[in-house]
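Overview (structure and organization)
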Amino acid sequence: MRLSKARRSAATRFGVAPSTAVHWVKRFQQTGDRRALPQGGDYRSQDIEAHAHFILTLVADRKDTTLAEIVNRLNADKAFSCAQSIV
C-alpha cells in the first residue's frame, strides 16, 4: 500500500495520472530503462513518400497544380486516400 501511495504522490507532483506513474514504474522494473518512450510523431509520411515520384511528376508537368488536384489524382490513380492540408 505504501508503494502505491508513493506512486500517486509522484503522479500528482508531476501532473500525470496515477496509472501513468504505475506504468512507468512497471516499465522500469521490467526493463531498467528510465527514459520516456517516444510520443506522437509521424505515422503516415512513409505512406505518402511511397507516392513521391507520382506527386513530383504531377507538379513538374503542371507547375500550378493545386493541392486539391494532387489529392484527387492520388485517390483516382493510386487509390490512396489522404486529406488536403495547408500546414
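Above this text you will find the structure in question.
Residues numbered from 1 in each chain as written. Predicted model: local features only at pLDDT ≥ 70, side-chain atom pairs only at ≥ 80, totals over all residues. Heavy atoms only, no water.

With that settled, consider unusual backbone geometry. Its identity is not glycine, yet Ala79 carries a phi of approximately 55°, on the positive side. By the element assignment, Ala79 lies in the segment after helix H5 (67-78). (Helix = DSSP H or I, 4+ residues; strand = E, 2+ residues; numbered from the N terminus.)

As a further point, take the layout of surface pockets. Taken as a whole, the largest pocket encloses approximately 210 Å³ of empty space. What lines the largest pocket is Trp24, Arg27, Phe28, Asp33, Arg34, Arg35, Ala36, Leu37, Pro38 and Gln39. When the residues that make up the lining of the largest pocket are grouped by side-chain class, the tally is 5 nonpolar, 1 polar and 4 charged. (1 Å grid on protein atoms, 1.4 Å probe; cavity = no way out; pocket = protein on both sides within 12 Å on 5 of 7 lines; lining within 4 Å. Points joined across faces, edges and corners; volume = space filled by probe spheres on them. Nonpolar A, V, L, I, M, F, W, Y, C, P; charged D, E, K, R; others polar.)

Within the secondary structure layout, Asp33 lies in the loop between helix H2 (18-31) and helix H3 (45-49). A polar side-chain atom of Asp33 sits 3.2 Å from a polar atom in the side chain of Arg27. (Polar contact = N/O pair within 3.5 Å; in protein donor to acceptor, adjacent residues only side chain to side chain.)

Another point: H2. Helix length check: H2 (14 residues) gives 20 Å between terminal C-alpha atoms against 20 Å at 1.5 Å per residue, within 8%. Where H2 ends, the next residue or the one after it, Gly32, has phi of about 80°, a positive value. (Expected span 1.5 Å × (residues − 1).)

What follows is about the side chain of Arg7. For Arg7, the position within the fold is in helix H1 (residues 2-14). Look at Arg7: it is buried, it has no salt bridge, and the nearest opposite charge is Asp33 at 16 Å. Excluding residues within four positions of it along the chain, Arg7 makes contact with Ala21, Val22, Val25 and Gln29. (Buried < 20%, exposed > 50% of the residue type's maximum accessible area, 1.4 Å probe, protein only. Lys, Arg positive; Asp, Glu negative; His and termini not counted. Salt bridge = Lys/Arg side-chain N within 4 Å of Asp/Glu carboxyl O. Contact = heavy atoms within 4.5 Å.)

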